[in-house]
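Summary of structural features
If you want the building blocks of each chain, they are given just below.
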Amino acid sequence: MTCTIDSKKIDDCIEFHGHVCPGLSIGIRAAEYCLQAFGHNSDEPVCAVCETDMCGVDAIQFLTGCTFGKGNLMHRDWGKTAFTFYRQRDGKGARLTMIPGALGKTHERAAELMKKSVDGSLTAEEKTELAGLRVAQQTKLMEMPLEELFEINEPQTPMPRGARILETLTCAECGEGVMESRSRRMGGQTLCIPCFEGMDQKR
Ligand SMILES: [Zn+2]
Ligand SMILES: [Zn+2]
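Residues numbered from 1 in each chain as written. Chains lettered and ligands numbered in written order. Predicted model: local features only at pLDDT ≥ 70, side-chain atom pairs only at ≥ 80, totals over all residues. Heavy atoms only, no water.

Details of the pairing of strand E3 (residues 82-87)
With six of six residues buried, E3 is to be regarded as a mostly interior element. Across the two faces of E3 the burial is the same, with Ala82, Thr84 and Tyr86 and Phe83, Phe85 and Arg87 all buried. Here strand E1 (residues 46-50) runs beside E3; their pairing, made up of five bridges, is antiparallel. Bridging across to E3, Cys47 finds its partner in Tyr86. Two elements, E3 and strand E4 (residues 93-98), share five bridges in a ladder whose sense is antiparallel. (Buried < 20%, exposed > 50% of the residue type's maximum accessible area, 1.4 Å probe, protein only. Helix = DSSP H or I, 4+ residues; strand = E, 2+ residues; numbered from the N terminus. Pairing = 2+ DSSP bridges.)

Here you go:
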């Protein structure tokens, strides 16, 4: 089985992101799972929770239609290669985590050579070897079965609640409007986060 997203879409996704990289490919494959299991957001509203802020998130946004601005793409800053997709209609979802070592020996050798490349000790032959390994890695990422790349489980948490219409409050310190859910209270006053943090430091 190879990636089922058509190559034109993938090229557009690479253009959107700006370069080809393993991280983007991982995101493309995760998005592929979402499209297969639940569909594209414009046909069947979905939402995505990404536990990383790496390259792959661009593929999720570009290919599934879940975007940060629409509120159906959420970032949890946990530094894990994990993506959870939910179908909004019934909250059914799946969490995909990249299987450690899924890329096998090729990846280990590439990582070793990358390290040498950083400290400048890479020989000309090794340079060629590394270029070859990167191509092989890329091909593998795009062609391996999804279940060999990701562990696919039930979501760990229920679907996040959608963006609600919240009141805008006024910060007592800077006078700017701030969404209710992001406001803070101190000494009976309503504050925005930066003002709250500023006062907290003065105490
Ligand atoms: Zn990238
Ligand atoms: Zn303020």
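What follows picks up the thread again.
Section: the domain arrangement of the protein chain
When its domains are assigned, the protein chain resolves into domain 1 (7-102 + 144-153) and domain 2 (168-202). Placing a centre on the C-alpha atoms of domain 1 and another on those of domain 2 gives a separation of 35 Å. (Domains from an automatic or database assignment.)

Describing helix H2 (residues 22-37)
Between its terminal C-alpha atoms H2 stretches 23 Å, which fits the 22 Å expected from 16 residues at 1.5 Å a residue. Counting buried residues in H2 gives twelve out of 16 residues, a clear majority hidden from the surface. Positive backbone phi, approximately 105°, marks Gly39, located one or two places after H2. (Expected span 1.5 Å × (residues − 1).)

With respect to the coordination of the zinc ion (ligand 2)
Donor atoms from the polypeptide that bind the zinc ion (ligand 2) are Cys171 (SG), Cys174 (SG), Cys192 (SG) and Cys195 (SG), placed at 2.3 to 2.4 Å. For the zinc ion (ligand 2), the four donor atoms in the first shell make angles of 97 to 117° at the metal, a pattern classed as tetrahedral. Considered as a linear motif, the donors of the zinc ion (ligand 2) on their single chain read C-x2-C-x17-C-x2-C. A relative accessible area of 36% means that Cys174 is categorised as partly exposed. (Donors = N, O, S within 2.8 Å, 3.2 Å for Na, K, Ca; no water. Tetrahedral: all angles 85-135°; square planar, octahedral: opposite > 155°, others 65-115°.)

Observations regarding the pattern of salt bridges
The full count for this structure, using the stated rule, is eight salt bridges. One salt bridge in this structure joins Asp12 and Lys8, with 2.9 Å as the shortest N-O distance. A residue pair is termed a helical-turn pair when its members lie 3 or 4 positions apart in one helix, as Asp12 and Lys8 do in helix H1 (residues 7-17) at four residues. The exposure class assigned to Asp12 is partly exposed, which follows from its relative accessible area of 26%. Among the ionic pairs, Glu44 bridges to Arg89, the shortest N-O distance being 3.0 Å. One end of the pair, Glu44, is in the loop between H2 and E1; the other, Arg89, is in the loop between E3 and E4, and 45 residues separate them in sequence. (Salt bridge = Lys/Arg side-chain N within 4 Å of Asp/Glu carboxyl O.)

Notes on the environment of Arg95
On the secondary structure map, Arg95 appears in strand E4. Considering only alpha carbons, one finds Arg95 and Asp77, 18 residues apart in sequence, at a separation of 16 Å. Apart from the residues lying within four places of it in its own chain, the contact partners of Arg95 are Glu51, Lys80, Ala82, Phe83, Thr84, Glu151, Ile152, Asn153, Glu154, Pro155 and Gln156. (Contact = heavy atoms within 4.5 Å.)

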